Amino acid sequence: MDFYKLKVHFIGIGGIGVSGLARFLKAQGAIVSGSDIVETPIIQALRKEGIDINIPHAKGIIANKDLIIHSAIIQDSNIEIIESKKLNKQIFSRKDAIKVLLSKKQVLSICAAHGKSSTSAILASILSDSGAIIGAISKEFDSNVRVSTKDTLVFEADESDKSFLHSNPYKSIVVNIEAEHLENYNHDFEKLKDAYTDFINLSHYALVNIDCPTTYEIYNRIQKKQNAFKDSISHKPLSDTHLPIITPFSPKRDIKNITYTLRDNLPFTTFELQNFGEFSVYGIGYHNALNASMAILAAMDFLSVEEIRANLLHFRGIKKRFDILQELCTNAPCIIDDYAHHPTEIVATLSSARIYAKLLQKKCEAHNHVTQDSYAITAIFQPHKYSRFKDNVDAFCQCFEDCDNLVILPVYAAGEQKIDFDFPSLFKHYNPIFATRIKRINQHIALLNDKYEIIQILNSGIIIGLGAGDITYQLRGEK
């Protein structure tokens, strides 16, 4: 499909995934417009880039559009969908659009339960001439999209709506697999595993983390089928068949000598990878070394090791992933925004925060006026979706061991029906503070009750917000 001068309208353009497609199509010469239900920083940024956006949805804006693309959460009852059907417009879901957009690209498709945004952004930094569509804002190029004339495209694939199966993977990169988004797989983990199996089999090459038990299970499943298939056609040339070449990667075996340092108060992870020597990457934590290693190995077909080592230093993190909004100083706390919304992610993020606190303390230990409380970690947790909390309730109740203080906000429903949980009983062992919302007041964070009265001011230590809802805007003083 030729998108040049095509009038493409995105319903639900404010989502990070859909906004990426909108930017990508605009760069192809399409005339892009969109709509959503509420004003957000993403929408404001899209407007500055010349994209016309209507708030809220309105059927009157559909008439002169050539193609309609909608996000996964848009229902048939949406007034713009109804009008589009009435006018016989061509309508694509996001995953259908992905299939068309990526059909002629050499796609490095990254998927995982955790870490796919970071791995994608790191790989985009390494392959600096490639295009990129990422599910987060890379601080290196201040966008979730980078346009390139090259055919190679780094793409963050999404298993939640099965759209990763439409990503035309030249190379499938699987960082890990967990029982996430099972509502789209009839709550059957086996069906999610089958989808990942298909994702790998669609590719020419694959890189998989075999230290993840589920990924290892799928890797063995594919290898057994490949071996049986090869035996059955031993008299035929293998060039007539499509079998992905899979590279297994074991972080526990292949990553060594991890160290953490501060450079201008910013965290870096240094590690040795296989026999390729030492690498340094922005960020902190074991998971950071793992994500970077996956990106490094995925890039080996395209660049020399020395080019990879140098380009890796271009990575400057992504927004909402251990995103340091304010550095620690004598009169103000360190404020960090993190997207972690699953127990596995929360454990990894708080572990990173503890390492960061120790690095800061070591750097400033000569200052006698600095107390231990100056490095206390306060986690502000906004649960994301009732279904996720229900599916992982025991793990959520055990994942905050690495913080000194815990604040719990109401569940961000994301459109789901409310489920009642006894949060005070479930989390009583942490002695948490319950707040209705938070508010940025200059350099400090205020905790508010349901009457929007201040119940406490957080003005010291390390404050880290955890969640995939609107906590990011509250931390930044944007809401």
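Remember, predicted model here, so these are calculated numbers, not experimental data.

About the cut-offs
Residues numbered from 1 in each chain as written. Predicted model: local features only at pLDDT ≥ 70, side-chain atom pairs only at ≥ 80, totals over all residues. Heavy atoms only, no water. Pairing = 2+ DSSP bridges. Helix = DSSP H or I, 4+ residues; strand = E, 2+ residues; numbered from the N terminus. Contact = heavy atoms within 4.5 Å. Axes fitted to C-alpha atoms, helices over the stretch in contact; angles between N-to-C directions. Buried < 20%, exposed > 50% of the residue type's maximum accessible area, 1.4 Å probe, protein only. Phe/Tyr/Trp six-rings, centres within 6.5 Å; stacked < 30°, edge-to-face > 60°. Lys NZ or Arg CZ within 6 Å of the ring centre and 35° of its normal. Core = buried A, V, L, I, M, F, W, Y, C linked by side-chain atoms within 4.5 Å. Parallel < 35°, antiparallel > 145°, perpendicular 65-115°, else oblique. Nonpolar A, V, L, I, M, F, W, Y, C, P; charged D, E, K, R; others polar. Salt bridge = Lys/Arg side-chain N within 4 Å of Asp/Glu carboxyl O. Left-handed = near helix turned anticlockwise from the far one by under 90°.

Attention shifts here to the sheet that holds strand β20 (residues 433-434). If you trace the six strands from one edge of the open sheet to the other, you get β16-β17-β24-β18-β19-β20, paired in mixed fashion. Sheet topology places β16 (323-326) and β20 at the edges, where each strand pairs with a single neighbour. As judged from the three bridges shared by β16 and strand β17 (residues 334-338), these two strands associate in the antiparallel manner. The partner of Asp-323 across the bridge, within β17, is Asp-337. The strands touched by helix α11 (residues 343-364) within the sheet are β16, β17, β18 (377-381) and β24 (462-466), with β24 carrying the most contacts at an inclination of about 165°.

With eleven of its eleven residues buried, helix α5 (residues 116-126) lies for the most part within the structure. Taken residue by residue, α5 has Lys-116, Ser-117, Ser-118, Thr-119, Ser-120, Ala-121, Ile-122, Leu-123, Ala-124, Ser-125 and Ile-126 as its buried positions.

On to the packing of aromatic side chains. Inspection of the entire model under this criterion finds 18 aromatic pairs. Ring geometry for Tyr-282 and Phe-315: centres 6.5 Å apart, planes at 75°, overall edge-to-face. Of this pair, Tyr-282 sits in strand β15 (residues 278-282) while Phe-315 sits in the loop between α10 (305-312) and β16; the two residues are 33 residues apart in sequence, bridging distant segments of the chain. Ring geometry for Phe-421 versus Phe-423: centroids 5.9 Å apart, planes at 70°, classification edge-to-face. With relative accessibility at 22%, the residue Phe-421 sits in the partly exposed group. Among the aromatic side chains, those forming a connected cluster through ring pairs are Phe-381, Phe-389, Phe-396, Phe-400, Phe-421, Phe-423, Phe-427 and Tyr-430. Cation over ring: Lys-162 sits above Tyr-185, and NZ or CZ is 5.0 Å from the ring centre. Against the face of Phe-279 rests Arg-309, its NZ or CZ located 4.7 Å from the ring centre.

Okay, the nonpolar core next. Grouped together as the largest cluster of nonpolar side chains are 71 residues, with contacts concentrated most on Leu-123, Phe-400 and Phe-427. For this core, the element with the highest residue contribution is helix α9 (residues 286-298), accounting for eight residues. Setting aside its immediate chain neighbours within four residues, Phe-427 contacts Phe-381, Phe-389, Phe-396, Cys-397, Phe-400, Leu-406, Ile-408 and Pro-432. Residues Phe-24, Leu-46, Ile-53 and Val-208 belong to the second largest nonpolar core, which totals 48 residues.

Glancing now at the side chain of Ser-93. Examined against the element boundaries, Ser-93 turns out to sit in strand β5 (residues 90-93). Residue Ser-93 is classed as buried on the basis of its relative accessible area of 16%. Here Ser-93 is in contact with Ile-69 and His-70, once residues within four sequence places are set aside.

At a closest axis distance of 11 Å, the pairing of helix α1 (residues 16-27) and helix α2 (residues 41-48) adopts a crossing angle of 5°. One element, α1, and the other, α2, form an angle in the roughly parallel class. Where α1 abuts α2, its residues Ile-16, Ser-19 and Arg-23 lie against Ile-42, Ala-45 and Leu-46. Partitioning the contact of α1 with α2 into residue classes produces four nonpolar, one polar and one charged.

Attention now moves to the pairing of β18. In terms of burial, β18 is largely enclosed, as five of its five residues are buried. Two strands pair when backbone bridges link them, and β18 and β24 are joined in this way by five bridges, in the parallel orientation. Counterpart to Ile-377 in the pairing with β24 is Ile-462. Relative to strand β19 (residues 405-408), β18 is paired through four bridges, and the arrangement is parallel. Residue pairing in the sheet places Ala-379 in a bridge with Leu-406 of β19.

Tallied over the full model, the rule gives 22 salt bridges. One salt bridge in this structure joins Arg-221 and Asp-194, with 3.1 Å as the shortest N-O distance. With Arg-221 in helix α7 (residues 213-232) and Asp-194 in helix α6 (residues 189-201), this pair connects stretches of sequence that are 27 residues apart. Among the residues examined, Arg-221 registers a relative accessible area of 19% and is labelled buried. Here Asp-420 ties to Lys-418 by a salt bridge, and the two come within 3.8 Å at their closest N and O atoms. A residue is classified by how much of its surface remains accessible, and Lys-418, at 62% relative accessible area, is exposed. When salt bridges with common partners are traced through the structure, they connect Glu-190, Lys-193, Asp-194, Glu-217 and Arg-221 into a single cluster.

Sheet architecture is open: three strands sit in the order β21-β22-β23, paired in antiparallel fashion. Edge positions in the sheet fall to β21 (437-441) and β23 (454-458), since each of these pairs with one other strand and no more. The sheet shows a mean angle of 25° between the axes of neighbouring strands, direction not considered. As judged from the four bridges shared by strand β22 (residues 444-448) and β23, these two strands associate in the antiparallel manner. Residue Leu-448 lies in a different strand from β23, and its bridge partner there is Ile-454.

Attention now goes to the environment of Tyr-219. Secondary-structure assignment places Tyr-219 in helix α7. When the C-alpha atoms of Tyr-219 and Ile-246 are compared, they prove to be 8.2 Å apart, with 27 residues separating the residues in sequence. Filtering out sequence-adjacent residues up to four positions away, Tyr-219 remains in contact with Val-208, Ile-210, Ile-246 and Pro-248.

The next thing to look at is the packing of α5 against α9. Between α5 and α9, whose axes approach to 8 Å, the crossing angle comes to 45°. The angle between the axes of α5 and α9 places the two elements in the oblique class. Classified by chirality, the crossing of α9 by α5 is right-handed. Here Ser-118, Thr-119, Ile-122, Leu-123 and Ile-126 of α5 come into contact with α9, specifically with Asn-291, Ala-292, Met-294, Ala-295, Ile-296 and Ala-298. Considering only residue class, the contact of α5 with α9 consists of eight nonpolar, three polar and no charged.

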